[in-house]
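Listed below, chain by chain, are the residues.
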Amino acid sequence: MGGVRTERTAPLGQHSPDCRRLSARVMADGALLGDKPEQAYFVRCDRTTMTQNDLDNGRMICLVGVAPVKPAEFVIFRIGQWTGDAKV
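Residues numbered from 1 in each chain as written. Predicted model: local features only at pLDDT ≥ 70, side-chain atom pairs only at ≥ 80, totals over all residues. Heavy atoms only, no water.

J.: Explain the overall build of the protein chain to me, please; I cannot follow it from the model alone.
T.: Looking only at helices and strands, the protein chain has 3 helices and 3 strands in total. Traced from its N-terminal end to its C-terminal end, the protein chain shows the element sequence α-α-β-α-β-β. Looking at the protein chain as a whole, 32% of its 88 residues qualify as buried. Sequence-distant contacts, at least 24 apart, represent 40% of the contacts inside the protein chain between residues at least 6 apart. A total of about 6,000 Å² of accessible surface is found on the protein chain, and carbon and sulfur atoms cover 53% of it. (Helix = DSSP H or I, 4+ residues; strand = E, 2+ residues; numbered from the N terminus. Buried < 20%, exposed > 50% of the residue type's maximum accessible area, 1.4 Å probe, protein only. Contact = heavy atoms within 4.5 Å. Areas by Shrake-Rupley, 256 points an atom, 1.4 Å probe, with all protein chains shown as cover.)

Spelled out as structure tokens, the structure:
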């Protein structure tokens, strides 16, 4: 599975469509369970995953959940990206 390349200058939250496209491609390749995207994966990259403090300090936090064919359980990834001047 290839990575998603995005520009560092993209606004926080703009990466969610990239994660959805990647998940949809993995689903189309047969690596995820489910007949519909909402059964196979979810991507959340919004105010439910980031606090105002995260936004103020240049942090982006996404949750990506996938239902892989094996081991047949939902797996959730928490992904973070920080701008160059972000305070960790």
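J.: Got a minute to help me understand the confidence of the model for the protein chain in this structure?
T.: Any segment with low pLDDT has predicted coordinates that should not be analysed in fine detail. With 77% of its residues at a pLDDT of 70 or more, the protein chain has an overall mean of 77. Scored below 50 in pLDDT, residues 1-10 shows 14 contacts in the model against residues more than four places distant or in partner chains. (pLDDT = per-residue confidence, 0-100.)

J.: What should I look at first to understand the nonpolar core in this one?
T.: Generally speaking, a soluble globular protein has its nonpolar side chains buried in company with each other. Cys19, Leu22, Val26, Met27, Leu32, Ala40, Tyr41, Val43, Val64 and Val66 together form the largest nonpolar core, which totals 10 residues. Broken down by secondary-structure element, the contributors of at least two residues to this core are helix H1 (16-28), strand E1 (41-44) and strand E2 (59-66). Considering each element in turn, this core owes the most residues, 4 residues, to H1. Counting 5 residues, the second-largest nonpolar core is a separate cluster that includes Cys45, Met50, Ile61 and Cys62. (Core = buried A, V, L, I, M, F, W, Y, C linked by side-chain atoms within 4.5 Å.)

J.: Looking at this model, I keep getting lost on the environment of Gly80. Mind explaining?
T.: Take Gly80: it is sitting in strand E3 (residues 75-82). Each C-alpha atom, one on Gly80 and one on Cys45, is 9.9 Å from the other, the two residues being 35 residues apart in sequence. Contact partners of Gly80, with chain neighbours within four places excluded, come to Met60 and Ile61.

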